[in-house]
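# Architecture at a glance
Here is how the chains run, residue by residue.
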Amino acid sequence: YWEMEPVSIFYARTTGIWQTVWLEPVTASHLQDVRITARTDGQVRFEMRLVAPKPSHSVSVRVYSGEEEIAHSASLADGPRALVDLAIAAPQLWSPEDPHLYTVRFELEDAEGTLDLVDSYFGIRSVAVDNGRVVLNGRPVYLKTVLDQGYWPQSNLTPPSDAAIREDITRTKELGFNGVRKHQKVEDPRYLYWADKLGLLVSAEMANAYLFNEDAVARMTHEWIEVVNRDYNHPSIIIWVPVNESWGVPNLREPRQQAHLKALYYMTKSLDDTRLVIDNDGWEHT
């Protein structure tokens, strides 16, 4: 908001770094990130990006359910990327009622041993629309979600602690909601972790510009790509929302603004075909 004090429906002024920043030492050759796509038939694809790989490097993927290793595969590094596919027998699906997560270990190796090691997790679930109804894992689900602006009385947009995030999600579920529409806020990754862990559906939304011009288009597009890529692996996210209530496209009768909205929708689908996408939530649609 551009005024010193919030007025009417507008929010408190917010600026600066409000999510955790950290430095992590790594070897010269290391894993940069991993994109995990899990299908309900048990097929899981791991697409890894590598920094400074060598032809002799390989990557291995080990999947665990609890303490038991249930799948393992490996691949040679193919330049800056590596691809590993594996299958999980009788997969246990993720849902709000049963938020089952598999743990996974990634290792970048050479002939002398491990160069980099990362532990993570993933959930297996599907989301689609069938005959006008949202279906999760092939079954209709009623989205009983709360509009969650994600403010904290003591710290504005920054969660005061990890325990506070967990309590927030626990209370959301205790009130009878099975999900949240995160409103005008790209959530803290720790919130999304606890949504994965505790079983809360999330509609993930972008914070938008107030005006429309070419600078807004460029920044919005660049940052939205980063958002989708950063949070792609969270099973709790079932909907992407690039624009909220025509913020950023205040005159949608203008052809350029219509094109921008359509472009964001199709670009999001090109980045992620596993989730629902709403072009302009709660307002006008193209």
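For the structure, check the block above.
Just so we're clear, the structure is a prediction, and the values are computed from it rather than from any experiment. (Residues numbered from 1 in each chain as written. Predicted model: local features only at pLDDT ≥ 70, side-chain atom pairs only at ≥ 80, totals over all residues. Heavy atoms only, no water.)

### Comments concerning unusual backbone geometry
Unusually for a residue other than glycine, Ala-90 sits at a positive phi of about 45 degrees. By the secondary structure assignment, Ala-90 is in the loop between strand 5 (81-87) and strand 6 (102-110). In this structure, Asn-131 is a non-glycine residue whose phi angle is positive, near 55 degrees. Among the structural elements, Asn-131 can be located in the loop between strand 8 (127-130) and strand 9 (133-136). Overall, Asn-131 belongs to the exposed group, its relative accessible area being 74%. (Helix = DSSP H or I, 4+ residues; strand = E, 2+ residues; numbered from the N terminus. Buried < 20%, exposed > 50% of the residue type's maximum accessible area, 1.4 Å probe, protein only.)

### Some thoughts on the sheet that holds strand 9
The strand order across the open sheet built from three strands is 8-9-10, with neighbouring strands paired in antiparallel fashion. The sheet is open, and its two edges are formed by strand 8 and strand 10 (139-140), each paired on a single side. In this structure, strand 8 lies alongside strand 9, joined through four bridges in antiparallel fashion. Looking across to strand 9, one finds that Ala-128 is bridged to Val-135. (Pairing = 2+ DSSP bridges.)

### Brief notes about the sheet that holds strand 11 (residues 145-148)
Judged by pairing direction, the sheet is parallel, and its five strands sit side by side in the order 11-12-13-14-16 without closing on themselves. On the outer flanks of this sheet lie strand 11 and strand 16 (276-277), each paired with one strand and no other. Pairing of strand 13 (residues 201-205) with strand 14 (residues 237-241), which is carried by four bridges, proceeds in the parallel orientation. In the strand pairing of strand 14, Val-202 is matched with Ile-237.

### Some points on the environment of Val-228
Relative to the assigned elements, Val-228 resides in helix 3 (residues 214-231). When the C-alpha atoms of Val-228 and Gln-184 are compared, they prove to be 15 Å apart, with 44 residues separating the residues in sequence. Beyond its immediate stretch of four places on either side in the chain, Val-228 contacts Trp-240, Thr-268, Leu-271 and Asp-272. (Contact = heavy atoms within 4.5 Å.)

### Here we look at the nonpolar core
A general feature of soluble globular proteins is that nonpolar side chains tend to end up buried together. The biggest cluster of nonpolar side chains holds 42 residues, and the ones touching the most others in it are Ile-169, Tyr-191, Val-202, Trp-224 and Trp-240. Every element with two or more residues in this core is listed here: strand 9, helix 1 (162-174), helix 2 (189-198), strand 13, helix 3, strand 14, helix 4 (255-271) and strand 16. In terms of residues, this core owes the most to one element, helix 2, which gives six residues. In this structure Ile-169 touches Tyr-191, Trp-194, Ala-195, Leu-198 and Leu-200, once residues within four positions along its chain are discounted. Of all hydrophobic cores here, the second largest spans 23 residues; its members include Val-44, Val-61, Tyr-102 and Phe-106. (Core = buried A, V, L, I, M, F, W, Y, C linked by side-chain atoms within 4.5 Å.)

### Things to note about the packing of helix 3 against helix 4
Packing of helix 3 against helix 4 brings their axes to within 11 Å, and their N-to-C directions diverge by 15 degrees. Classified by the angle their axes make, helix 3 and helix 4 are roughly parallel. Here helix 3 runs over helix 4; the crossing is right-handed. Between helix 3 and helix 4, the residues in contact are Glu-214, Val-217, Met-220, Thr-221, Trp-224, Ile-225, Val-228 and Asn-229 and Arg-256, His-260, Leu-264, Met-267, Thr-268 and Leu-271, respectively. When its residues are assigned to classes, the contact of helix 3 with helix 4 shows eight nonpolar, four polar and two charged. (Axes fitted to C-alpha atoms, helices over the stretch in contact; angles between N-to-C directions. Parallel < 35°, antiparallel > 145°, perpendicular 65-115°, else oblique. Left-handed = near helix turned anticlockwise from the far one by under 90°. Nonpolar A, V, L, I, M, F, W, Y, C, P; charged D, E, K, R; others polar.)

### With respect to the pairing of strand 5
Look at any regular strand and the pattern is simple: side chains alternate between the two faces of the sheet. On strand 5, burial follows the alternation: Ala-82, Val-84 and Leu-86 on one face are buried, whereas Arg-81, Leu-83, Asp-85 and Ala-87 on the facing-out side are not. In the sheet, strand 2 (residues 43-51) pairs with strand 5 via seven bridges, with the strands oriented antiparallel. Paired with Gln-43 across the bridge in strand 5 is Ala-87.

### Structural notes on the packing of aromatic side chains
Scanning the entire structure with this criterion turns up eight aromatic pairs. Plain terms: the ring middles of Phe-46 and Phe-122 are 5.8 Å apart, the flat faces sit at 75 degrees to each other, and that makes the pair edge-to-face. Note that Phe-46 is positioned in strand 2 and Phe-122 in strand 7 (residues 113-122), a separation of 76 residues in sequence. Residue Phe-46 shares its accessibility class with Phe-122, and that shared class is buried. Members of the aromatic cluster, each reached through a chain of ring pairs, are Phe-46, Tyr-102, Phe-106 and Phe-122. The cationic tip of Arg-35 hangs over the ring face of Tyr-232; the distance from NZ or CZ to the ring centre is 3.7 Å. The ring of Tyr-191 has Lys-182 lying over it, and the distance from NZ or CZ to the ring centre is 4.2 Å. (Phe/Tyr/Trp six-rings, centres within 6.5 Å; stacked < 30°, edge-to-face > 60°. Lys NZ or Arg CZ within 6 Å of the ring centre and 35° of its normal.)

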